[in-house]
Amino acid sequence: MSDADQTQTTDTWLYGWALGYAAVGAASLLVPLYAIDLGAGAFLVSLIAATAAFAGVPGAILWGRLVARTRRRRPFILVALGASAGVFLVLPFLASPWTVLAANAALWFVVAAAAPVLNVVVVEGYEPSLWTQRFGLLNHYQGYGWLAGLVAGGVWSAVAGSHVGLPALAAKRLFFVGGATATLAGVFVVFLRYPEAATMSEQRFRRLSRRFRAGNGGAERATRAVPFGPARIYWALREIRLGRGSLTRLRGRFSARLLRYLLAATVFFAGFSAFFGPLPAYLVDAGYATDEVFVLFILSSAASAAAYARAGTAAAAFDPFRLQVGALLFRAGAFPIVAVTGAAIAPPTGLLVVGALFLALGASWAVIAVTATGLVSGLASETVRAEALGIYTAIGSLGGGIGSVLGGAIADAVGYLPAFGVAGGCVVVGILVAGRAEMAAHEPVQG
């Protein structure tokens, strides 16, 4: 058997993880919509988004320590998939949006728990020079699994009522059962096809990964491309050396421009989530059906995926800071425009207009994601680059959780237009703070 054939055979267990991840991808949107059907408002829907990020962090940290101690990995992946299936089976029996929030937090706790395992498993037995390719393979399975789940949710929502005759609530409950079935199928695939026992410790993975990132940054970009936040937060926190006097230490190690940019990133990520947190509730209130909401989010995800390569090319040819400012300014203006357009133009015409905005929002995210990594890397000296990227990752996800709560609270209290206006305002403030950081890539950085 050739090396390529052996690699292909070894990686077939990833199909099982992709099956479970497809169910999780669909649930990322279906759970808030289900809570809305049960009476949730904008604030509670935003809390669902926030707890999805926060609840995953302790799961990843706890299981990461257990993996390091036991040096066993397959049981953690199997338990994550099995527990996810259990949550999907419980969801149809819940009648309160608050219990849905708790179930969603439990789902992300167990899904994120697999994060420390997956990144290590995919590079097992490979030289660090091949790790970018291996992380890309993991992203490939997870990303397409996530997108397939969103598509399946949208298709089911479209046909359940018109062709099957199911009420919206019953259709969602039946889809959760289907998600549990797909996830259990993933359990069997992983159980049967998982590779041989691990030989590399997490400590060695972290050491080699840090050294590799210092050389070309590929591992960091690939790891952070995985679409669920708790995984990124876990590895970011492992790189950050927290303790007494942490802020003073960072001021001594990071340049003032880098610290300003990290503060700016916290603010504009909070702005993003202040928009996207209450967004499902807003779309439902504006008259969009479940399948139409799925279509909008699919358009945004597809646009991001299609734009990543072009964004990277543009960032190499032009000033990345100006590219990012342009994408941020577009988002700052688009957030309140979505609020006005969605309410003023009813579906199906409104779906076309808002759909175009979602396509542009997805493409703008690709520009921001690609340029931000380069900007942080350029502002950090080689000795602190991995730590700076870790802090950027953590504050982006954690700031996003805070922004979700902020947007939901404003939307619930005074309406969606003020909430989306505040979201755009946060992005503008982030731009102003970043502008003060004097982001010219050719300027020297502090060691």
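Student: What is the right way to look at the overall build of the protein in this model?
Tutor: What the protein contains, in helices and strands, is 19 helices and 0 strands. Taking all 447 residues of the protein together, 54% fall into the buried category. Accessible area of the protein: about 18,300 Å², with a carbon and sulfur share of 66%.

Student: Just checking my understanding: could you explain the packing of aromatic side chains for this structure?
Tutor: The geometry of an aromatic ring pair is captured by two quantities: the separation of the ring centres and the angle between the planes. On inspection of all chains with the given rule, the structure shows 20 aromatic pairs. Considering the side-chain rings of Phe268 and Phe272, the 5.7 Å spacing of their centres and the 40° angle between planes classify their relative orientation as tilted. Separated by 4 residues within a single helix, Phe268 and Phe272 lie in helix H13 (residues 256–276), roughly one turn from each other. Overall, Phe268 belongs to the buried group, its relative accessible area being 0%. Centre to centre, the rings of Phe275 and Phe276 are 4.8 Å apart; their planes meet at 80°, and the pair counts as edge-to-face. An aromatic cluster is present here, built from Tyr261, Phe268, Phe269, Phe272, Phe275, Phe276, Tyr282, Phe335, Trp365, Tyr416 and Phe420 joined pairwise through their rings. The ring of Phe272 is capped by Arg331, whose NZ or CZ atom sits 4.6 Å from the centre of that ring.

Student: I'm lost on helix H19 (residues 416–435) in this one. Help?
Tutor: An α-helical turn contains 3.6 residues, so a residue and the one three or four places further along point in the same direction. Helix length check: H19 (20 residues) gives 29 Å between terminal C-alpha atoms against 28 Å at 1.5 Å per residue, within 8%. Within the span of H19, buried status applies to Tyr416, Ala419, Phe420, Ala423, Gly424, Cys426, Val427, Gly430, Ile431, Val433 and Ala434.

Student: Looking at this model, I keep getting lost on the side chain of Gln142. Mind explaining?
Tutor: If you trace the backbone, Gln142 turns up in helix H7 (residues 131–164). By relative accessible area, which is 1% here, Gln142 ends up buried. At 2.8 Å, the side chain of Gln142 and the side chain of Trp17 are in polar contact.

Student: Help me understand the environment of Tyr416 in this model?
Tutor: Its place among the elements puts Tyr416 in helix H19. Taking the C-alpha atoms as reference points, Tyr416 and Leu279, 137 residues apart in sequence, are found 8.6 Å from one another. Those residues in contact with Tyr416 that lie beyond four places of it in its chain are Ala42, Pro278, Ala281, Tyr282, Asp285 and Ala411. For Tyr416, the side chain forms a polar contact with the side chain of Asp285, separated by 2.7 Å.

Conventions and cut-offs
Residues numbered from 1 in each chain as written. Predicted model: local features only at pLDDT ≥ 70, side-chain atom pairs only at ≥ 80, totals over all residues. Heavy atoms only, no water. Helix = DSSP H or I, 4+ residues; strand = E, 2+ residues; numbered from the N terminus. Buried < 20%, exposed > 50% of the residue type's maximum accessible area, 1.4 Å probe, protein only. Areas by Shrake-Rupley, 256 points an atom, 1.4 Å probe, with all protein chains shown as cover. Phe/Tyr/Trp six-rings, centres within 6.5 Å; stacked < 30°, edge-to-face > 60°. Lys NZ or Arg CZ within 6 Å of the ring centre and 35° of its normal. Expected span 1.5 Å × (residues − 1). Polar contact = N/O pair within 3.5 Å; in protein donor to acceptor, adjacent residues only side chain to side chain. Contact = heavy atoms within 4.5 Å.

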